[in-house]
Amino acid sequence: MALLGTNGAGKSTLLAALAAAYEPGREHYDGQAAVRFNPACRLVYFDQTMSDLPTTTKILDYVVEAEGVTEKDAIRHLAGAGFAFVRLKEPIGVLSHGERARLGFLKMKLLRPNFYVLDEPTNHLDIEAIEAMEAGLRAYDGALLVVSHDEAFLEAIDATRRLELPPSEVAPRRSRSSSYGPDPKSHMPVANDSIGAPTAAPPRMSAADPAASTPSISDDLSALARRIAPLGATTS
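Residues numbered from 1 in each chain as written. Predicted model: local features only at pLDDT ≥ 70, side-chain atom pairs only at ≥ 80, totals over all residues. Heavy atoms only, no water.

Enquirer: Any chance you could explain the pattern of salt bridges here in plain terms?
Expert: If you walk through the whole model with that rule in mind, you get five salt bridges. Of the charged contacts in the structure, one is a salt bridge between Glu99 and Arg87, with a shortest N-O distance of 2.7 Å. Of this pair, Glu99 sits in helix H4 (residues 97–110) while Arg87 sits in the loop between helix H3 (71–80) and H4, and the two are twelve residues apart along the sequence. With respect to class, Glu99 is no different from Arg87; both count as buried. (Salt bridge = Lys/Arg side-chain N within 4 Å of Asp/Glu carboxyl O. Helix = DSSP H or I, 4+ residues; strand = E, 2+ residues; numbered from the N terminus. Buried < 20%, exposed > 50% of the residue type's maximum accessible area, 1.4 Å probe, protein only.)

Okay, structure coming up:
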């Protein structure tokens, strides 16, 4: 399913809230959680800022963290994703934005998810990388919730189900600076409107402005979950 809407409608905020509610170690059918996930759900979340990538971790070590992936496997997968062997001991922080995105998507794939939550996944990718992602998502048979302004990408992955948020449906969050350090290979500005990570429990959102006269995030999550119930998430 594609989540659509104008800038500021709350798309990234809503995805961050959904991802933040996912805690694999929690009993999601205990009747207490605002958003409950099927116990079999394996959710991964791509945040367009990639702000929670561990920039001091070595590229190879980051991939080996995936369960069942040996160092030999990681080297092979990284080579397939365009990472030269001589660079695998470098920290993630030296990578360009496009390289970080490719690394993040490789790690998510190795985690064997059945629910992708993707926020503007094509922002930092070149044509070749976008086409590779499109092919991978077309072959993927699990649930997908994606925010993208790239209509060609949405058509390529057969995102035939669309849900559009009207402007201001979700309360705005206070901005938050990115955790990126200086990028030696790119001067591209980084958006600050969403947070999260595909490899760890996504961080909690900043509180919405209490003066805003808009529905609560839990209300919007409930509305969204009713639309995506077949994907494996329900609400109280």
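Enquirer: What exactly am I supposed to notice about the nonpolar core here?
Expert: By size, the foremost hydrophobic cluster in this structure holds 38 residues, and its most contacted members are Leu78, Leu103 and Leu118. With six residues, the top contributor of residues to this core is H4. In this structure, Leu103 is in contact with Ile59, Tyr62, Val63, Leu78, Phe83, Ile92 and Leu95, ignoring residues within four places of it in sequence. Counting residues in each nonpolar core, the second largest holds 22 residues, with Val35, Phe115, Leu145 and Val147 among its members. (Core = buried A, V, L, I, M, F, W, Y, C linked by side-chain atoms within 4.5 Å. Contact = heavy atoms within 4.5 Å.)

Enquirer: Just to check I follow, could you spell out the pairing of strand E4 (residues 115–119) for this structure?
Expert: Most of E4 is tucked away, with five of its five residues classed as buried. Neither face of E4 is exposed, since Phe115, Val117 and Asp119 on one face and Tyr116 and Leu118 on the opposite face are all buried. One ladder, built from four bridges, connects strand E3 (residues 43–46) with E4; its direction is parallel. Of the residues in E4, the one forming a bridge with Tyr45 is Val117. (Pairing = 2+ DSSP bridges.)

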